[in-house]
Amino acid sequence: MKFLAVILAVCVVGSSAFSFRRCGGNNDLDVISANVRPALISFPGRSSVSFAGKVTRSFSDLDLKLEVFLKSAVGEVKIPCLFNFGSCNYDRMCSILDRMERENWAGVGTQLSREIRKLIDSVDGAGDRLCPFTPAEVNVSNRAIDLPRLPPLLATIASGQYRVRAQLINRDSNRLMSCFEIEFEMRKAD
């Protein structure tokens, strides 16, 4: 279940009006609930992550498709994939933390990957081993994650109300394993 920590941390969410809902998939991989505190997340800052989920059968790897929308006065605006943040497709989730750290996505990937590894290690003591996925259940309550200062380009769009749709796809079968949407508010620290 270590993958849940990766997925939720890659989404990097927080909110005063946090909402979570499932939007499809099968029962092989199920994100049951998710929550982030404090009420309004800020970069830099510290957040607390809680979630529950389960894997009911083994599989080797996942792809993640994220669609990120910023709410505005004229409706939702889809945020493009910028420096591997935003509406991006991430192939091979098993190696995502290595890629984030090595490539230092948007100048914050190294720090974020290290924070996510700490979160994963606190869940089950397995360190940063993510794959293969085996049947398991996880319940995480109030695990801290420190969020970095954002680079200027990302900081310009950091503040606002967001909706994120995440689709987890089995690489072996190309089958939709899970889909969930989260809504949240975040801001850059002054």
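Quick note: structure is the one above.
Computed from a prediction, not measured in an experiment: that's the story for all the values here. (Residues numbered from 1 in each chain as written. Predicted model: local features only at pLDDT ≥ 70, side-chain atom pairs only at ≥ 80, totals over all residues. Heavy atoms only, no water.)

Colleague: Break down the sheet that holds strand 2 (residues 29-37) for me, citing the residues and quoting the values.
Modeller: Reading across the sheet, the three strands line up as 2-4-8 and stay open at both edges, with antiparallel pairing between neighbours. Sheet topology places strand 2 and strand 8 (136-147) at the edges, where each strand pairs with a single neighbour. Averaged over all pairs of adjacent strands, the angle between strand axes in this sheet comes to 15 degrees, irrespective of strand direction. With eight bridges joining them, strand 2 and strand 4 (residues 45-55) adopt antiparallel strand pairing. Pairing of V36 across the sheet is with V49, part of strand 4. (Pairing = 2+ DSSP bridges. Helix = DSSP H or I, 4+ residues; strand = E, 2+ residues; numbered from the N terminus. Axes fitted to C-alpha atoms, helices over the stretch in contact; angles between N-to-C directions.)

Colleague: Break down the state of the cysteines for me, citing the residues and quoting the values.
Modeller: In total, this model carries two disulfides according to the counting rule given. Across a sulfur-sulfur distance of 2.0 Å, C23 and C179 are joined as a disulfide pair. Taking the torsion about the S-S bond as the criterion, the C23 to C179 disulfide, at about -80 degrees, is left-handed. With a gap of 156 residues between them, C23 in strand 1 (residues 19-25) and C179 in strand 10 (residues 176-188) connect regions that are remote in the sequence. The exposure class of C179 is buried, given its relative accessible area of 0%. The disulfide partner of C81 is C88, and the gap between their sulfur atoms is 2.0 Å. Between C81 and C88, the disulfide has an S-S torsion of 100 degrees and is therefore right-handed. Of the residues examined, C81 reaches a relative accessible area of 38% and is grouped as partly exposed. Overall, the relative accessible area of 2% leaves C88 in the buried class. (Disulfide = S-S within 2.5 Å. Buried < 20%, exposed > 50% of the residue type's maximum accessible area, 1.4 Å probe, protein only.)

Colleague: Tell me about unusual backbone geometry, and name the residues and values.
Modeller: Phi is positive for F83, which is not a glycine, with a value near 55 degrees. Of note, F83 is situated in the loop between strand 6 (75-79) and strand 7 (89-90). Residue classification places F83 among the partly exposed residues on the basis of a relative accessible area of 49%. Phi at N84 is positive, roughly 70 degrees, even though this residue is not glycine. Mapped onto the secondary structure, N84 falls in the loop between strand 6 and strand 7.

Such coordinate-based values are descriptive only and should not be taken to indicate function.
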